[in-house]
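Next come the chains, spelled out residue by residue.
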Amino acid sequence: MAAAIPAAKLELKPPPYPLDALEPNMSQNTLLFHWGKHHRSYVDNLNKQIVGTQLQGKSLEDVIVGTYNNGDLLPPFNNAAQVWNHDFFWDSMKPGGGGKPTGELLKSIERDFGSFEKFSEEFRAAAATQFGSGWAWLAFNPRPSDGKELVVLKTPNAVNPLVLGYTALLTIDVWEHAYYLDYQNRRPDYISIFMEKLVSWDAVCAKLEVAKSQAA
Amino acid sequence: MGSFSLHASCLAQPKLPWSNDCSQNLNSLKLPALQQRGPNFGSRKASKVLAFYGLKSPPYELDALEPYMSKRLMETHWGEHHHGYVEGLNKQLEKNDILYGYTLDELVKVTYNNGNPLPEFNNAAQVWNHDFFWESMQPGGGGMPELGLLQQIEKDFGSFTNFKEKFIEAALSLFGSGWVWLVLKRREKRLEVVKTSNAVNPIVWDDIPLISLDTWEHAYYQDYKNDRGKYVNAFMNHLVSWHVATVRIIRAEAFVNLGEPKIPVA
């Protein structure tokens, strides 16, 4: 007798580098737990929630925007957004990352923040002052009322810039599980190392190009 | 006029420790110059922060909750996080004296500001929350409450097992950072399990908490990593202090009428 074919489920995407590639700035141990346990369980729990419902088969972005429900979150939101947020976070980093962006991206940052240093300060401050669990972002606002397309935001828990209609460009996870094994309570040290050694400006650049072409 | 003004101003002065006789000429009193009577008055230690609230120690040694909550975790949780909230609060209060003079309970409620919290709320509430949390645990804890408290739990939850299930379920389903509480609701006059986010706690709604569990990741990550379930079970089975919960509900009965006073002796 043929076994029932399981309905299509979301799969856990691996980071675009081996789990030890970000050492010593983010240990393999952290990746084993952060990706292997936390991220995996968001995927598994989301599948449990949406399999057999009308959300199954929709894109992750559609599930997120649909279950955000103007802030009155429906149950799948937390898991869906956290799956997306973590995919995005791994992409925001690379081995030998950090430093400064160049070209169009740098120009845009200088235009909207005054200087790269001012942007970096604002981003670090957002990450450091997000109370409780959450994320800090560099995002692209396609319809800025003040003319500034690039914005730094901080969001609580699973919320992300998609729910505002923005395009995310860069993120740092400031849930304690993201840094506790390597930095314990020293969140500012984690943020510094992220900026100096981990950020993938290539990834940010690529995302900005896509965002600009979509807005045009 | 000279002696009259001396007398009047002498009465207005607080009794200073080095002056026994208020009738002494003020000029002969050895008062430290005003600028020396700052935050370091009475102490030689250099301190950058004016201390309004202090860091209370847990009522047991930092290794006393081993192996369910390690010394290493306590050193970080109490010594860095809890300590950091105290320092953070004191730094904020230095800025102006408008919030000066409250008890910690009062400060938490005032800064909660009916749901539109002032910047000091997060620190104040987290100081309070951690004081309360250490006291909610004891070495050799766990087990079950007895007598009056057990009866109240059975009355409001059906059974202790049912309460325990609800408490654990709340702890596992709390998303993000927060706390789980067994609370005596003042108006409803009954016990409930309540989840709060970040720094919020039941005293801001004038309710009376009996025990709490910290579910911020920093409370368990060093010992249990992502396994919050194992942490919650260790708390329920080996750490929660039903003795302290009983003391708290006895005190609460002075403010909330739960019916016939239950004196918890056999």
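A few words on the overall build of chain B. In terms of regular secondary structure, chain B is built from nine helices and three strands. Reading chain B from its N terminus to its C terminus gives the helix and strand order α-α-α-α-α-α-β-β-β-α-α-α. Within chain B, buried positions represent 45% of all 266 residues. Summing over all exposed atoms, chain B offers an accessible surface of approximately 14300 Å²; the carbon and sulfur share of this is 52%.

Before going further, it helps to examine the sheet that holds strand E1 (residues 134-140) of chain A. All names here are of chain A. Overall, antiparallel pairing links the three strands, which are arranged E2-E1-E3 in an open sheet. Two strands bound the open sheet, and with one partner strand each, they are strand E2 (150-156) and strand E3 (167-173). The average angle at which neighbouring strand axes cross in this sheet is 25°, direction not considered. Sheet topology note: the E1/E2 ladder contains seven bridges and is antiparallel. Paired with Trp137 across the bridge in E2 is Leu153. Helix H4 (residues 103-113) contacts E1 and E2 of the sheet and is inclined by roughly 80° relative to E2.

A few words now on helix H6 (residues 160-173) of chain B. All names here are of chain B. For H6, spanning 14 residues, the distance from its first C-alpha to its last is 20 Å, which sits close to the expected 20 Å at 1.5 Å a residue. Among the residues making up H6, those that are buried are Phe160, Phe163, Phe167, Ile168, Ala170 and Ala171. End-on, the buried residues of H6 take up no more than an arc of 160°, which puts them together on one face. H6 presents Thr161 and Glu165 as exposed residues on the side facing more than 90 degrees away from its buried surface. Those residues of H6 that are buried lie in contact with helix H5 (147-157), strand E1 (178-185), strand E2 (190-197), strand E3 (208-214), helix H8 (228-239) and helix H9 (242-252).

Evaluated as defined, the whole model comprises 14 salt bridges over all chains. Between A:Glu104 and A:Lys107 there is a salt bridge, and its shortest N-O distance comes to 3.8 Å. Note that A:Glu104 and A:Lys107 are positioned in helix H4 at a spacing of three residues, about one turn of the helix. A relative accessible area of 52% places A:Glu104 in the exposed class. A:Lys107 gets classed as exposed once you look at its relative accessible area, which sits at 52%. Residues B:Lys56 and B:Glu135 are paired through a salt bridge, measuring 3.2 Å at the closest nitrogen-oxygen approach. Here the residue B:Lys56 occupies a position in the loop between helix H1 (2-12) and helix H2 (71-93), and B:Glu135 occupies one in helix H4 (residues 120-135), the gap between them amounting to 79 residues. Relative accessible area serves as the criterion here: at 44%, B:Lys56 is assigned to the partly exposed category.

This part is about the confidence of the model for chain B. Residue and element names in this part refer to chain B. Looking at chain B, pLDDT values average 85 and 79% of them are 70 or higher. Long-range and interchain partners of residues 1-45, a stretch whose pLDDT sits below 50, account for 21 contacts in this model, where long-range means more than four residues apart. In the predicted complex, the global pTM is 0.87; the interface-specific ipTM is 0.93.

Residues and elements named next belong to chain B. Where burial is concerned, most of E1 is hidden: eight out of the eight residues are buried. Along E1, one buried face is formed by Gly178, Val180, Leu182 and Leu184 and the opposite face, lined by Trp179, Trp181, Val183 and Lys185, is buried too. Judged from the eight bridges that link them, E1 and E2 form a sheet pairing that is antiparallel. Looking across to E2, one finds that Gly178 is bridged to Ser197. Count of turn residues in the E1/E2 antiparallel hairpin: four residues, of which Lys189 carries a positive phi of about 55°. Both E1 and E3 contribute to a ladder of six bridges, which runs antiparallel. The residue of E3 that forms the bridge with Leu184 is Ile208.

What follows concerns the interface of chain A and chain B. Interface size is commonly expressed as the accessible surface area that is lost when the partners come together. Counting residues at the interface gives 19 residues for chain A and 18 residues for chain B. Buried surface at the junction of chain A and chain B, both sides included, amounts to about 1800 Å², of which 62% is carbon and sulfur. Ranking the residues of chain A by area buried against chain B places A:Phe131, A:Glu176 and A:Tyr180 at the top, with a combined share of 39%. The interface formed by chain A and chain B contains zero salt bridges. For the pair chain A and chain B, the interface holds six residue pairs in polar contact (both at pLDDT 80 or more). Of all elements in the fold, only helix H1 (28-50), helix H3 (76-91) and helix H6 (180-183) of chain A reach the threshold of two or more residues within the side of chain A that touches chain B. Each residue belonging to the side of chain A that touches chain B can be placed in one class, and the counts come to seven nonpolar, ten polar and two charged.

Moving on, we come to the nonpolar core. Ranked by size, the top nonpolar core spans 70 residues in total, and within it B:Phe163 and B:Trp242 carry the most contacts. The element that contributes the greatest number of residues to this core is H4(B), accounting for eight residues. Once you skip the residues sitting within four places of it in the chain, B:Phe163 turns out to touch B:Ile153, B:Phe157, B:Leu182, B:Val193, B:Ile211, B:Met236 and B:Trp242. Grouped together as the second largest cluster of nonpolar side chains are 64 residues, A:Phe89, A:Ile109, A:Ala126 and A:Ile172 included.

Residue and element names in this part refer to chain B. Strand order in this open sheet of three strands is E2-E1-E3, and the pairing throughout is antiparallel. The sheet is open, and its two edges are formed by E2 and E3, each paired on a single side. On average, each strand axis in the sheet is tilted by 20° relative to the strand beside it, whichever way the strands run. Across the sheet, H5 touches E1, E2 and E3, and the angle it forms with E2 is around 80°.

Note the cis peptide between A:Glu23 and A:Pro24, where omega equals -5°. Tracing the chain through its elements places A:Pro24 in the segment before H1. In the segment running from B:Glu66 into B:Pro67, the intervening peptide bond is cis, with an omega of -5°. Relative to the helices and strands, B:Pro67 is located in the loop between H1 and H2. For A:Asn69, which is not a glycine, the phi torsion comes out positive at approximately 50°. With respect to the element layout, A:Asn69 can be found in the loop between helix H2 (60-68) and H3. Overall, the relative accessible area of 34% leaves A:Asn69 in the partly exposed class. Phi is positive for B:Lys225, which is not a glycine, with a value near 50°. In this fold, B:Lys225 is placed in the loop between helix H7 (221-224) and H8.

Cut-offs and rules
- Residues numbered from 1 in each chain as written.
- Chains lettered and ligands numbered in written order.
- Predicted model: local features only at pLDDT ≥ 70, side-chain atom pairs only at ≥ 80, totals over all residues.
- Heavy atoms only, no water.
- Helix = DSSP H or I, 4+ residues; strand = E, 2+ residues; numbered from the N terminus.
- Buried < 20%, exposed > 50% of the residue type's maximum accessible area, 1.4 Å probe, protein only.
- Areas by Shrake-Rupley, 256 points an atom, 1.4 Å probe, with all protein chains shown as cover.
- Pairing = 2+ DSSP bridges.
- Axes fitted to C-alpha atoms, helices over the stretch in contact; angles between N-to-C directions.
- Contact = heavy atoms within 4.5 Å.
- Expected span 1.5 Å × (residues − 1).
- Arc of directions from axis to C-beta.
- Salt bridge = Lys/Arg side-chain N within 4 Å of Asp/Glu carboxyl O.
- pLDDT = per-residue confidence, 0-100.
- Buried area = accessible area lost by both parts, 1.4 Å probe.
- Polar contact = N/O pair within 3.5 Å; in protein donor to acceptor, adjacent residues only side chain to side chain.
- Nonpolar A, V, L, I, M, F, W, Y, C, P; charged D, E, K, R; others polar.
- Core = buried A, V, L, I, M, F, W, Y, C linked by side-chain atoms within 4.5 Å.

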